Amino acid sequence: MIVLFSGLPGVGKTRLANELAPLIKALVLSTDKIRKDLISNPTYTEEEKELIYDVMLILTKYLHEAAGTNCILDATFNTKESRRKAREKLESVSPEQIYIVECTCPEDIVLSRLKARKGDYSDADIDVYRKMKQEYEPVEEKERHIVADTSQDPKTNAEEIKTCILGRSRSE
């Protein structure tokens, strides 16, 4: 299975992805980490962003097809187009195996998290959050779409997502 995490910077995607991963035996692939591993001085241009997403999706496709590895994609996927492109590049994966977890969180909590952010892979700050908030398009897909309020306990959220995903995959 492949789980796309979607949401604005600072909402808690990475923390929740890392809580969920061992519960569904998945590997977390993060655009922030891939960017830092590949590019010493990121510029965050559209071309660079597309490259990082392409690398993540190529790795995902290979890990899923060659090794049967479940993958969690930790990225913003902040537009309908970015999610469409991801599905297109993962066309060989059955749509029933792809889930979207849309992470939401009250803005005051997000701003507090961004102010306190230190020592992680993300460079996103409050200015980046505000810019991306203007561009964000909520997930409209109804099938295999899970909304997680990340102001809640990540362990509880991860358990609920696991139950939802594994319950659906067994019934299909």
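Model, not experiment: these values are computed from the prediction. Per-chain numbering applies: the sequence of each chain, read as written, is numbered from 1 onward. Totals for whole chains, interfaces and linings use every residue, but because this is a predicted model, local features are given only for residues with pLDDT of at least 70 and side-chain atom pairs only at 80 or more, for both listing and counting. Hydrogens and water are ignored here; the side-chain numbers use all heavy atoms of the structure.

Student: What should I look at first to understand the pattern of salt bridges in this one?
Tutor: Where side chains of opposite charge bring their charged atoms close, a pairing between them can arise. Salt bridges are defined as contacts in which a side-chain nitrogen from Lys or Arg sits within 4 Å of a carboxyl oxygen from Asp or Glu. Taken as a whole and judged by the stated rule, the model has 13 salt bridges. In this structure, Lys155 engages Glu19 in a salt bridge whose closest nitrogen and oxygen atoms are separated by 3.5 Å. Taken together, the residues span a long stretch of sequence, with Lys155 in helix 7 (residues 154–171) and Glu19 in helix 1 (residues 13–20) at a distance of 136 residues. Burial classification: accessible surface area is computed with a 1.4 Å probe over protein chains only, and a residue below 20% of its type maximum counts as buried, one above 50% as exposed, and the rest as partly exposed. The partly exposed category is assigned to Glu19, whose relative accessible area is 21%. Of the charged contacts in the structure, one is a salt bridge between Asp32 and Arg35, with a shortest N-O distance of 3.6 Å. Secondary structure follows DSSP: runs of H or I at least 4 residues long count as helices, runs of E at least 2 residues long count as strands, and numbering of each begins at the N terminus.

Student: In this structure, what is going on with the pairing of strand 3 (residues 70–74)? I would like to understand it.
Tutor: For a regular strand, side chains alternate in direction, first toward one face of the sheet and then toward the other. Among the five residues in strand 3, five count as buried, and that is most of the element. Residue alternation in strand 3 divides its side chains into two sets, Asn70, Ile72 and Asp74 and Cys71 and Leu73, and both sets are buried. Note: two strands are recorded as paired if DSSP finds a minimum of 2 bridges between them. Pairing between strand 1 (residues 2–6) and strand 3: four bridges, direction parallel. Residue Val3 lies in a different strand from strand 3, and its bridge partner there is Ile72. Relative to strand 3, strand 2 (residues 26–30) is paired through five bridges, and the arrangement is parallel.

By themselves these figures say nothing about function.
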